[in-house]
Amino acid sequence: MKMERIFLYIGLILFALVLVFPFIWLLSSSFKESKDIFSTTFELIPKKEDGSFYFTLENYKKAFEYLDFPMLFKNTLIVAVVNTALNLYLNGLAGYAFARMRFKGRDVIFKVILTAMMVPGTVLLVPNMIIVNKLGFYDSLAALILPFFISIYNIFMMRQHFMSLPRELEEAAVMDGAGWFKIFNKIALPLSKPILVVLGIFTFMWNYNNFLWPLVVINSSEKYTLALGLGALLTSGGQSAEKYPIMIAASVIVALPLIVLFFIFQKHIMKGITAGSVKG
Amino acid sequence: MSREKLTKLKNWYAKESTMGWVFILPLLLYFIVFQLAPMLLSFGISFTSWNLRSPAEFVGFENYKNLLFDSVNYPDFWPSLWITLKYIVFSLPGGIFIALVLAAMLNANVKGEGFFKTAYYIPNITAMVAVAAMWIFLLDPKYGLVSQLFDIDQSWLGSKSTALPTLGIMAIWSALGYNVLILLTTMKGIPDELYESATIDGANAWQKFTKVTLPMIQPTIFFLIVTGLIAAFQVFDQMYLMTGGGPDGATQTYMLSLYNHAFRYFEMGTASAMSYILLIIILIITWVNFKFIPQRFDD
């Protein structure tokens, strides 16, 4: 029995190491001088020949010279924040309508959009690129926002949530003469904070990490997002060893914000993942 | 409820047929422009010879026929599908199996469960671009941690035999936390009584796992298989970033091939036909899932 428990913990810790150690190694290497990055001796903390520890920001300096990080962050944040805000409000509206309001065609529309949810985004890659082009948004941040300002999956989640809310509060507000929008804004939405936080984080992260679509519709480097900037570094010979120091520091800069965000909202995120797996 | 209140409520609900449409208006606009229109558009384009160089001409099923049967002029279609299938074999069963083992371990009243869950989940929230950069570094033939660990000079991504399995392992690594979390949550939802009665029947830990846990989490396993399949058929980022489909086409997945047709050779007709073939594949997977998933684990 005791032996089994020990093996259990060893196994769990081993896997935790396999999954997390690459991040620690990346972080550690990002503070190393080039010659220590290209070394076959294993040092977790950068060490000089005389055995003393050091750390250098040289790689980060080079990464900032190579990539315009302030601009990349700005573009990424604009896209991710605008998309998250639009998603939360508009998906909320639609979810509320599908959960609470009776109008002709509601159930048909809901079924149609649920069916359409099965069509994966990559299938729409080529035609959406053409549409964004025709609308005149090619190579603009709007091209990164428009095709994603609504998420049918999120609408589904919001609908489920609104259906679980008691109607009494809304009916009390009707007595006070509130209209539908007022009730949605003042009562339904404030009662949805937990699910809004969860969906908001996931929408934000998804937009932050999105790669294929920006790759297709963004051309000029002033419009690059973080993912696109780092991607360009990788495909433009980042794999050649000389660029390792830049690549390592740059990927820390790209990965770190979401990891921090993850730790802040960990509880919500964990809850959200498992809620999302309950198949509809 | 007073009469006045009732009329108020009635008036309010009377307006809902209009307001309902107002509330879903953004959705409808979005749906028409970015879901319905592209679906129809690419369906139409898939029957034309449009390639951005010459005017589009209606060619009937030519694009589909070429992709499926003309292996001389369209040599990458079947190999890319085959490579995607191989990638699925490398990444999906192993990933779910390891996740199953880890979830079962975490389900055994482990101290620090939260810590392990968090640790396992970190790769999953990291952008694939950053993961790719990290793994390029880890997999460096000479200085990479992996080569040092196994003490061999191996060009993991540069050799034809190891590139795809390596990307498969990376995919396992990246998705593991998600799979563990989903499986663990389902396992925790299994009623204790089931285990208690199994204990009374004299079942040992292994028997409890195979006779109680596995049957109860089977729908979740199928859920992971189906979503994993759908995701794997669309895999693109890592191949584009790390191998560019090489070496010698060994990691040229379906989506990468589609991307090349559309945005490298500008063959929009061919690319649209490929999109529809992918859609059909995914719809078949979804349909099989709805139709044929057994409700119970029979052994």
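Remember, predicted model here, so these are calculated numbers, not experimental data. (Residues numbered from 1 in each chain as written. Chains lettered and ligands numbered in written order. Predicted model: local features only at pLDDT ≥ 70, side-chain atom pairs only at ≥ 80, totals over all residues.)

## Remarks on the overall build of chain A
So, step 1. Secondary structure summary: chain A contains 15 helices and zero strands in total.
So, step 2. If you line up chain A on its principal axes, its C-alpha atoms span 80 × 65 × 35 Å.
So, step 3. The 280 residues of chain A split such that 42% are buried.
So, step 4. Intrachain contacts of chain A at a sequence separation of at least 6 include 75% that bridge at least 24 residues. (Helix = DSSP H or I, 4+ residues; strand = E, 2+ residues; numbered from the N terminus. Buried ≥ 20, exposed ≤ 12 C-beta atoms within 10 Å, placed from the backbone. Contact = placed C-beta atoms within 7 Å.)

## Here's the deal with the overall build of chain B
So, step 1. When helices and strands are tallied, chain B shows 13 helices and zero strands.
So, step 2. The order of helices and strands in chain B, counted from the N terminus, is α-α-α-α-α-α-α-α-α-α-α-α-α.
So, step 3. Over its C-alpha trace chain B gives a radius of gyration of 25 Å, far above what one expects of a compact globule, namely 19 Å for 299 residues.
So, step 4. Relative to its 299 residues, chain B shows a buried fraction of 40%.
So, step 5. Considering only residue pairs separated by 6 or more positions, chain B has 68% of its internal contacts joining residues 24 or more positions apart. (Rg over C-alpha atoms; globule rule 2.2 N^0.38 Å.)

## Examining the interface of chain B and chain A
So, step 1. Listed by partner, the interface residues are 76 residues for chain B and 75 residues for chain A.
So, step 2. It is helix α2 (residues 16-45) of chain B that contributes the most residues to the side of chain B that touches chain A, 19 residues altogether.
So, step 3. Its residues placed into classes, the side of chain B that touches chain A shows 57 nonpolar, 13 polar and six charged. (Nonpolar A, V, L, I, M, F, W, Y, C, P; charged D, E, K, R; others polar.)

## Notes on the confidence of the model for chain B
Residues and elements named next belong to chain B.
So, step 1. Mean pLDDT over chain B works out to 87, with 95% of the residues at or above the 70 mark.
So, step 2. Averaged pLDDT values over the elements of chain B bottom out at 70 in helix α1 (residues 3-14) and peak at 94 in helix α4 (residues 77-106).
So, step 3. Contacts of residues 295-299 to residues separated by more than four positions or lying in other chains number four contacts, the stretch itself having pLDDT below 50.
So, step 4. Model confidence for the complex: the whole-complex pTM is 0.89, and ipTM, which rates the interface, is 0.88. (pLDDT = per-residue confidence, 0-100.)

## Quick look at unusual backbone geometry
Residues and elements named next belong to chain B.
So, step 1. Despite not being glycine, asparagine 109 has its phi angle at roughly 50 degrees, a positive value.
So, step 2. According to the C-beta neighbour criterion, asparagine 109 is exposed, with 8 such atoms within 10 Å.
So, step 3. Even without being glycine, phenylalanine 266 reaches a positive phi, approximately 55 degrees.

## A word on the domain arrangement of chain B
Residues and elements named next belong to chain B.
So, step 1. The domain architecture assigned to chain B consists of domain 1 (18-67) and domain 2 (71-292).
So, step 2. Each of domain 1 and domain 2 was reduced to a C-alpha centroid, and the two centroids are 30 Å apart.
So, step 3. Taken residue by residue, the interface counts 14 residues in domain 1 and 13 residues in domain 2.
So, step 4. Per-element accounting of the side of domain 1 that touches domain 2 gives the leading share, four residues, to helix α3 (residues 62-69).
So, step 5. The residue makeup of the side of domain 1 that touches domain 2, split by class, is six nonpolar, seven polar and one charged. (Domains from an automatic or database assignment.)

## Looking at the environment of threonine 203 of chain A
All names here are of chain A.
So, step 1. Locating threonine 203 in the fold gives a position in helix α11 (residues 193-209).
So, step 2. Distance from threonine 203 to asparagine 87, taken between C-alpha atoms, is 7.8 Å for residues 116 residues apart in sequence.
So, step 3. With near-sequence residues (within four places) excluded, threonine 203 lies in contact with Asn83, Thr84, Asn87 and Ser151.

## Regarding the packing of helix α6 (residues 125-134) of chain A against α2 of chain B
So, step 1. The contact between α6 of chain A and α2 of chain B brings their axes to 8 Å, and the two run at 110 degrees. By the criterion of interaxial angle, the relationship of α6 of chain A to α2 of chain B is roughly perpendicular. Relative to α2 of chain B, the crossing made by α6 of chain A is right-handed. Listed contacts from α2 of chain B to Val126, Pro127, Asn128, Ile130 and Ile131 of chain A of α6 of chain A are Val33, Phe34, Ala37, Pro38, Leu41 and Ser42 of chain B.
So, step 2. Here the contact of α6 of chain A with α2 of chain B is composed, by residue class, of nine nonpolar, two polar and no charged. (Axes fitted to C-alpha atoms, helices over the stretch in contact; angles between N-to-C directions. Parallel < 35°, antiparallel > 145°, perpendicular 65-115°, else oblique. Left-handed = near helix turned anticlockwise from the far one by under 90°.)

## Notes on the environment of alanine 163 of chain B
All names here are of chain B.
So, step 1. Inspection of the secondary structure puts alanine 163 in helix α8 (residues 163-188).
So, step 2. Sequence separation between alanine 163 and threonine 243 is 80 residues; the distance between their C-alpha atoms is 8.0 Å.
So, step 3. If sequence neighbours within four positions are ignored, alanine 163 has contacts with Leu157, Thr243, Pro247, Ala250 and Thr251.

## Details of the confidence of the model for chain A
So, step 1. On average, chain A scores 88 in pLDDT, and the residues at 70 or more come to 96%.
So, step 2. Here helix α15 (residues 266-277) of chain A is the element of chain A with the lowest mean pLDDT, 74, and helix α4 (residues 69-100) of chain A is the one with the highest, 95.

## A short note on α6 of chain A
Residues and elements named next belong to chain A.
So, step 1. Most of α6 sits inside the fold, with seven of its ten residues counted as buried.
So, step 2. Taken together, the buried positions of α6 are occupied by Leu125, Val126, Pro127, Asn128, Met129, Ile130 and Val132.
So, step 3. Glycine 136 sits one or two positions beyond α6 and adopts a positive phi of about 85 degrees.

## Remarks on the nonpolar core
So, step 1. Judged by nonpolar contacts, the single largest core of 156 residues is most densely connected at Leu230 and Ala250 of chain A together with Ala127, Val129, Ala132 and Ala133 of chain B.
So, step 2. Counting residues per element, this core draws most heavily on α8 of chain B, at 15 residues.
So, step 3. Not counting the four nearest positions on each side in its chain, alanine 132 of chain B is found in contact with Leu234 of chain A together with Asp237, Gln238, Leu241 and Met242 of chain B. (Core = buried A, V, L, I, M, F, W, Y, C linked by C-beta atoms within 7 Å.)

## Considerations on the environment of leucine 85 of chain B
So, step 1. Along the polypeptide, leucine 85 of chain B turns up in helix α4.
So, step 2. Residues leucine 85 of chain B and phenylalanine 223 of chain B, spaced 138 residues apart in sequence, show a C-alpha to C-alpha distance of 19 Å.

## A look at the domain arrangement of chain A
Residues and elements named next belong to chain A.
So, step 1. For chain A, the domain assignment lists domain 1 (2-56) and domain 2 (65-277).
So, step 2. Domain 1 and domain 2 are separated by 35 Å when their C-alpha centres are compared.
So, step 3. Counting residues at the interface gives seven residues for domain 1 and seven residues for domain 2.
So, step 4. Among the elements of the structure, α1 (2-30) and α2 (34-37) are those that each provide at least two residues to the side of domain 1 that touches domain 2.
So, step 5. When residues of the side of domain 1 that touches domain 2 are assigned to their parent elements, the largest contribution, four residues, is made by α1.

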